[in-house]
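# An overview of the molecular structure
One-letter residues, chain by chain:
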There are 2 protein chains.
Amino acid sequence: MGITKTDMYTDDQNKFASLLKVLGHPARIAILQYIINQEKCICNDLVEELGLAQATISQHLKELKSIGIIQGSIEGKSVCYCIEEKVWNQFQEEFNAFFNQAVKVNQCC
Amino acid sequence: MGITKTDMYTDDQNKFASLLKVLGHPARIAILQYIINQEKCICNDLVEELGLAQATISQHLKELKSIGIIQGSIEGKSVCYCIEEKVWNQFQEEFNAFFNQAVKVNQCC
DNA sequence: AATTAATATCGTAATATTGCAATATAAAAT
DNA sequence: ATTTTATATTGCAATATTACGATATTAATT
């Protein structure tokens, strides 16, 4: 099939998994780290930095924008991308909330 | 293409993205949360709980095992799955290391 | 030994993702 | 107005993922 059956999970589970899925690509991790290091960047910077086609980079940026973790603002003929700090911090909280669920000492393993 | 060009990223980026990718499916999030709540479980519990076919659950468990976040031990004719606490905590640290990268105040957005 | 029970693996169909060339769009420079 | 520059979108081919039925496999039960 290839289709994920989202109707059998909670909204929280679906949303959280979506976040993780978007972040789960090395190009998108590399893009985020580049933006963090450079403070901001334009699409072409990433094309040179990562060696992917411009169309490919643009697509990855679109996915990152879709979860709100980056923001792009038009500056003349280019678009300046930067981290959306609020969302970034919110994600960190969500991850910690997930990982802070107490792991009880297992009896079988 | 469909193939991810891993050779243009660092090992850290590829590894971290792989983790996120495995966690980026609602069934696998639901499985982890179920194991946490129940402390441990067997495959059939999850089949009933999630309403996916046994083969599908088994496949998801395999992927979770592949990143080490769960462990399965044979108990008679069933397999008892539980969280691997060390790996769980290690992942949390990795996520925090990633998110703690200082986000400089952006000048463009 | 045959049956039952629990899980894993294989094969396959349906769908999703990745990556890129080609093209479109939009703003600045000439 | 035309060209240049930067980005977005579209269409497509290759590959990956998801889900499941059918079929092992393995251990306990009868």
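Note that the structure is a prediction, hence the values are computed from the model and not measured.

### What about the packing of helix α2 (residues 26–38) of chain A against helix α3 (residues 43–50) of chain A?
Residue and element names in this part refer to chain A. One can describe the packing of α2 onto α3 by two numbers: an axis separation of 11 Å at closest approach and a directional angle of 120°. Classified by the interaxial angle, the pair formed by α2 and α3 is oblique. The element α2 and its partner α3 pack so that their crossing is right-handed. Contacts from A27, A30, I31 and Y34 of α2 reach α3 at L46, E49 and L50. In terms of residue class, the contact of α2 with α3 is built from six nonpolar, no polar and one charged.

### Some thoughts on the interface of chain B and chain A
Contacts between chain B and chain A engage 40 residues on the former and 40 residues on the latter. When contributions to the side of chain B that touches chain A are tallied by element, the ones reaching two or more residues are α1 (11–23), α2 (26–38), β2 (70–75), β3 (78–83) and α5 (85–99) of chain B. Among the elements that take part in the side of chain B that touches chain A, α1(B) stands out by supplying seven residues, more than any other. The class makeup of the residues in the side of chain B that touches chain A is 21 nonpolar, 13 polar and six charged.

### Notes on the protein's contact with DNA strand C
Residues in close proximity to DNA strand C total 30 residues, the closest being A:G2, A:A55, B:I42, B:N44 and B:S78. Of all the secondary-structure elements, those providing two or more residues to the surface near DNA strand C are α4 (54–66) of chain A together with α3 (43–50), α4 (54–66) and β3 of chain B. With six residues, the single largest contributor to the surface near DNA strand C is α4(B). Looking at the surface near DNA strand C residue by residue, the classes come out as 13 nonpolar, 13 polar and four charged.

### Quick word on the protein's contact with DNA strand D
Near DNA strand D, the surroundings consist of 30 residues, among which A:I42, A:N44, A:S78, B:G2 and B:A55 are the closest. Counting only elements with at least two residues in the surface near DNA strand D, the list comes to α3, α4 and β2 (78–83) of chain A together with α4 of chain B. The dominant element in the surface near DNA strand D, judged by the number of residues it contributes, is α4(A), at six residues. Partitioning the surface near DNA strand D into residue classes produces 13 nonpolar, 13 polar and four charged.

### Quick word on the relation of the copies chain B and chain A
With an RMSD of 0.0 Å, chain B superimposes on chain A once it is rotated by 180° and translated 0.0 Å along the axis. Here the two chains are linked by the operation of a two-fold rotation axis. Most of the interface of chain B is mirrored in chain A: 100% of its interface residues are interface residues there too.

### Thoughts on the nonpolar core
In terms of nonpolar packing, the biggest core is built from 48 residues, with A:I31, A:I35, B:I31 and B:I35 touching the most fellow members. Ignoring any residue separated from it by four or fewer positions in sequence, one finds A:I35 in contact with A:K40, A:C41, A:I70, A:Y81, A:C82 and A:I83.

### Here's the deal with the UniProt feature "domain: HTH arsR-type" (unreviewed entry) in chain A
UniProt tags residues 8–106 of chain A as "domain: HTH arsR-type" (unreviewed entry). For the annotated span residues 8–106 of chain A, helix accounts for 63% and strand for 12% of the residues, and the straight-line distance between the end C-alpha atoms is 27 Å.

### Topic: the pairing of β2(B)
All names here are of chain B. Sheet topology note: the β2/β3 ladder contains six bridges and is antiparallel. In the strand pairing of β3, Q71 is matched with C82. Where β2 folds back onto β3 in an antiparallel hairpin, the turn is made up of two residues, including G76, whose phi is positive at roughly 65°.

### Focus: the environment of B:L61
Residues and elements named next belong to chain B. The residue L61 is located in helix α4 in this model. The class for L61 is buried, based on 21 C-beta atoms found within 10 Å. Taking C-alpha positions, L61 is 11 Å from A30, a pair spaced 31 residues apart along the chain.

The rules behind each value
- Residues numbered from 1 in each chain as written.
- Chains lettered and ligands numbered in written order.
- Predicted model: local features only at pLDDT ≥ 70, side-chain atom pairs only at ≥ 80, totals over all residues.
- Axes fitted to C-alpha atoms, helices over the stretch in contact; angles between N-to-C directions.
- Helix = DSSP H or I, 4+ residues; strand = E, 2+ residues; numbered from the N terminus.
- Parallel < 35°, antiparallel > 145°, perpendicular 65-115°, else oblique.
- Left-handed = near helix turned anticlockwise from the far one by under 90°.
- Contact = placed C-beta atoms within 7 Å.
- Nonpolar A, V, L, I, M, F, W, Y, C, P; charged D, E, K, R; others polar.
- Near = placed C-beta within 6 Å.
- Least-squares fit on C-alpha atoms with pLDDT ≥ 70 in both.
- Core = buried A, V, L, I, M, F, W, Y, C linked by C-beta atoms within 7 Å.
- Buried ≥ 20, exposed ≤ 12 C-beta atoms within 10 Å, placed from the backbone.
- UniProt positions renumbered as here; feature names shortened; annotations may be inferred.
- Pairing = 2+ DSSP bridges.

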